[in-house]
Each structure stands twice: as C-alpha cells, then as structure tokens.
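Listed below, chain by chain, are the residues.
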Amino acid sequence: MVGVSHGLDITSTGSATFEKASGEAVMLSCQFNLAPEDTGPLDIEWSQLASDNQKEDKVIILYSGDRAYEDYNPAMKGRVHFNSPDPKNGDASINLTSLQPSDTGTYQCKVKKAPGIRSRKMQLTVMVRPSKPACSTVGPSHLGKDVQLKCVSSEGTNPVQYTWEKTSDTKVLPATAVMDSTGSTLNVRNASNSASGTYRCTARNRVGMDDCTLNLRVVPAPNTAGIIAGAVIGVLLALILIAIILFCCYRARNRKKYEKEMSYEIKEDVPPPKSRVSTARSFTSVGSQRSSVGSMSPSNLHEYAAKSMYNALPSEEYDRPPSQAPVAPLSRTAGPNLSRMGAVPVMVPAQNRDGSIV
C-alpha cells in the first residue's frame with residue numbers, strides 16, 4: 001500500500017492473492033476512508049499491470065465525475081462491475097465474472113481525492129480445473145504378466161496429480177502395484193486373479209478435481225500355438241479350395257475347346273453332294289450309247305460289246321434329271337437275238353457307287 005500522508009486511507013485487509021478456476025467469479029476488495037482535508041474530486045481506477053516493463057498497464061474500469069465506466073476495456077466488457085452502486089461511499093471493490101486464463105495477472109486499485117492518493121495491489125491466478133480423465137489398460141490383461149492402468153485428463157492447469165484406489169473386494173491396491181511420479185500410470189506387476197476388480201482414478205489440481213473408473217479382469221493367456229496352427233490350416237484349406245476351382249475351370253475350358261474342334265472335323269469328313277449336271281451328262285451319254293446299239297448293223301455289234309466292258313451304266317440310285325424320261329432296261333431276249341446275229345457274250349465288271357470297278 002502506497003500513498004501520501006493525508007487522510008485518505010484504504011482499509012481492506014483481506015487476502016491479496018487469489019486462485020480461481022476458469023468460469024468462476026472473484027471479488028477484488030478495495031475499501032477506503034476519506035478525510036475532511038481531501039476536498040478534490042474522487043477518481044477510482046482499476047488496472048491490470050503489465051508483466052513486462054516495456055508494456056503499458058490496462059485500465060479495466062473507472063469511476064470519475066460521479067460516473068462509472070464499466071465497459072472501458074473491450075476484453076472484459078460485461079464481466080467487470082463495481083461491487084457498490086455508489087463507490088464514493090467508500091467501497092471501490094470490483095467483481096470479475098466468467099473468469100478466463102487470460103485474466104491471470106496483478107490488479108491495482110488506485111483511489112485519488114486531492115491531495116490524498118492511495119493504491120492496493122492483488123494477484124489473481126485463473127486456473128483450468130482437470131477435465132474428466134480417461135481410464136484405460138495398456139496391452140492385454142493376462143495372468144502372470146505386467147498390466148498397466150492409464151489415467152489422463154486432456155485439460156487442466158499444471159500441476160495435475162493423479163491418485164488410484166480400488167473400490168471393490170478388499171479396496172486395497174495389489175501389493176505389486178507401483179505408480180509413476182505423477183500417478184497417471186499404475187503398473188501391476190505379475191498380475192494375479194486378486195488384481196481383478198474396479199479401480200478409480202482421481203485427477204486434481206489446486207482449483208478442481210474429477211475422476212473415472214475402470215473394471216480390470218485378469219484372464220489366462222491364450223494358447224498361441226493353437227491359434228497359429230489354426231491359422232496355418234485355414235490358409236492351406238483356402239489355397240486348396242482355390243486350386244480346385246482353378247482346375248475345374250481349366251477342365252471345363254478344355255472340354256469346350258475339344259468339342260468345338262470335333263464338330264469342325266466331322267463337318268470336314270462329310271463328302272460334298274454329287275453335281276446334278278454331271279449326273280445328267282452321264283445319263284445323256286448312256287442314252288446315246290443305247291440309241292447307237294439299235295442302229296448298229298450285225299457286223300459291228302461285236303466291237304460295241306467289247307467297248308461296253310469299260311463303260312458301266314450309272315447306278316439307279318442317282319437322281320435322274322427331271323427333263324429326261326427313264327430309259328427302259330434291256331430285254332432278256334436280246335441275248336439270243338444277238339447270238340444269232342453273230343455277237344459274242346462277254347462279262348461286264350461290276351461297279352460300286354462312286355464308279356470304281358469291284
């Protein structure tokens with residue numbers, strides 16, 4: 001407290017250091033007394049002192065000329081007010097609401113009434129209370145293995161301290177449980193069945209606290225050899241199934257290809273149909289030969305018979321041209337008549353369908 005040796009005096013004797021959580025409110029006290037010799041106008045000024053000497057102090061609220069200026073600082077607009085509706089009666093205290101971490105600093109109350117002047121400084125620290133921590137286990141919780149329990153708050157002004165406790169069964173931590181320096185990690189070494197249960201972790205700092213719970217269940221370690229063997233067998237079965245599918249697809253493809261090639265070979269082996277033109281010509285030549293037999297004299301019948309050995313008649317199975325009438329077969333009486341005429345009987349060789357001699 002500083003000032004001149006006149007009647008004005010600040011009488012507040014409360015704490016000059018405050019620690020508050022973010023979002024809370026605080027009243028900074030500044031009570032004063034006036035003396036008869038202090039006859040000048042009354043001025044009250046609250047300011048947030050700069051932490052660096054190179055910067056200027058920030059005035060946050062004023063009272064001058066019987067009028068209060070509460071919205072003097074835009075950063076605290078609507079959050080700072082005089083505690084008394086009429087500060088000239090000796091109460092220059094102010095209320096700060098909805099505190100923020102940026103409100104942390106040193107505040108000064110200065111009262112002036114010429115020739116007297118007095119001031120008072122107070123320290124305000126705005127802290128963030130710990131947020132609700134998250135409890136979890138690190139790694140598997142197997143019997144005979146080390147089990148780690150973690151507890152972390154995402155928000156909170158340091159220092160934040162963590163504590164663990166067991167809330168089920170004997171409510172006593174396992175004898176092999178060890179905490180780290182901050183308490184956020186609880187390491188249960190060589191965990192046994194007795195380590196199973198419900199645990200609670202509490203995170204706290206100077207302005208607040210919160211907690212979380214975790215249910216720990218210690219179980220026997222799985223048979224890793226059996227798991228690996230099962231995985232290998234599963235992979236082998238899958239490979240065999242894929243190989244069977246590929247083999248079936250390959251066989252089906254080859255079968256279709258073979259059937260297609262066989263159909264082409266069958267079509268190539270079928271002989272083309274006989275031409276009607278050649279058949280008609282053969283019938284025409286036969287007709288001409290028969291007509292020539294009727295017109296021959298007895299002297300050249302022998303020559304005709306010898307020539308007919310090499311000219312076989314066409315098979316009756318061939319189609320006759322539609323424009324030519326069928327030729328009547330030779331009469332059985334032609335043999336004796338030819339013999340009387342001096343003809344010599346001969347044997348005509350047989351022919352198959354395609355015209356070759358049998």
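Residues numbered from 1 in each chain as written. Predicted model: local features only at pLDDT ≥ 70, side-chain atom pairs only at ≥ 80, totals over all residues. Heavy atoms only, no water.

Per an unreviewed UniProt entry, the recorded name for the protein is CXADR Ig-like cell adhesion molecule, and the organism is Paramormyrops kingsleyae.

K.L.:
Outline the nonpolar core, listing residues and values.
P.N.:
The biggest cluster of nonpolar side chains holds 26 residues, and the ones touching the most others in it are Leu28, Trp46, Leu96 and Val111. Listed by contribution, the elements that provide at least two residues to this core are strand E4 (26-28), strand E6 (42-49), strand E7 (58-64), strand E9 (80-82), strand E10 (94-96), strand E11 (105-113) and strand E12 (116-127). Those residues in contact with Leu28, other than ones at most four positions away along the chain, are Phe18, Trp46, Ser93, Ile94, Leu96, Tyr107 and Met122. Counting 18 residues, the second-largest nonpolar core is a separate cluster that includes Val160, Trp164, Val188 and Ala191. (Core = buried A, V, L, I, M, F, W, Y, C linked by side-chain atoms within 4.5 Å. Buried < 20%, exposed > 50% of the residue type's maximum accessible area, 1.4 Å probe, protein only. Helix = DSSP H or I, 4+ residues; strand = E, 2+ residues; numbered from the N terminus. Contact = heavy atoms within 4.5 Å.)

K.L.:
Go over unusual backbone geometry, please, and point to the residues and values.
P.N.:
In this chain, Ala114 is followed by Pro115 through a cis amide linkage whose omega measures 5 degrees. Note on placement: Pro115 falls in the loop between E11 and E12. Cis rather than trans, the peptide bond between Asn158 and Pro159 has omega equal to 5 degrees. Of note, Pro159 is situated in the loop between strand E14 (147-152) and strand E15 (161-166). For Ser98, which is not glycine, the phi dihedral falls at a positive 50 degrees. The backbone phi angle of Asp169 is positive, close to 55 degrees, even though this residue is not glycine. Relative to the helices and strands, Asp169 resides in the loop between E15 and strand E16 (177-179). Overall, the relative accessible area of 63% leaves Asp169 in the exposed class.

K.L.:
Quick rundown of the packing of aromatic side chains? Include the residues and the values.
P.N.:
With the rule as written, the count across this model stands at one aromatic pair. Ring centres of Tyr63 and Phe82 lie 6.3 Å apart, and the angle between their planes is 85 degrees; on these two criteria the pair is classed as edge-to-face. Note that Tyr63 is positioned in strand E7 and Phe82 in strand E9, a separation of 19 residues in sequence. This pair shows no difference in class: Tyr63 is buried, exactly as Phe82 is. (Phe/Tyr/Trp six-rings, centres within 6.5 Å; stacked < 30°, edge-to-face > 60°.)

K.L.:
Hey, could you go over the UniProt feature "transmembrane region" (unreviewed entry) in the protein for me, with residue numbers and the actual values?
P.N.:
In the numbering used here, UniProt assigns the "transmembrane region" (unreviewed entry) feature to residues 227-250. Secondary structure content for residues 227-250 is 100% helix and 0% strand, while the C-alpha to C-alpha distance between its ends is 35 Å. (UniProt positions renumbered as here; feature names shortened; annotations may be inferred.)

K.L.:
Break down the state of the cysteines for me, citing the residues and quoting the values.
P.N.:
A covalent bond between the sulfur atoms of two cysteines is what we call a disulfide. This structure, assessed with the given rule, holds three disulfides. Each sulfur of the disulfide joining Cys30 and Cys109 lies 2.1 Å from the other. On the sign convention where negative is left-handed, the bridge of Cys30 and Cys109, at about -75 degrees about the S-S bond, is left-handed. With Cys30 in the loop between E4 and strand E5 (32-33) and Cys109 in strand E11, the pair connects residues that are 79 residues apart, well separated along the chain. Judged by its relative accessible area of 0%, Cys30 falls in the buried class. Each sulfur of the disulfide joining Cys151 and Cys201 lies 2.0 Å from the other. Residues Cys151 and Cys201 are joined by a disulfide whose S-S torsion is about -90 degrees; by sign, that bridge is left-handed. With Cys151 in strand E14 and Cys201 in strand E18 (residues 197-205), this residue pair connects regions lying 50 residues apart in the sequence. Accessibility assignment for this pair places Cys151 and Cys201 in one class, buried. Disulfides within the protein link the bonded cysteines, taken in sequence order, as 1-2, 3-6, 4-5. (Disulfide = S-S within 2.5 Å.)

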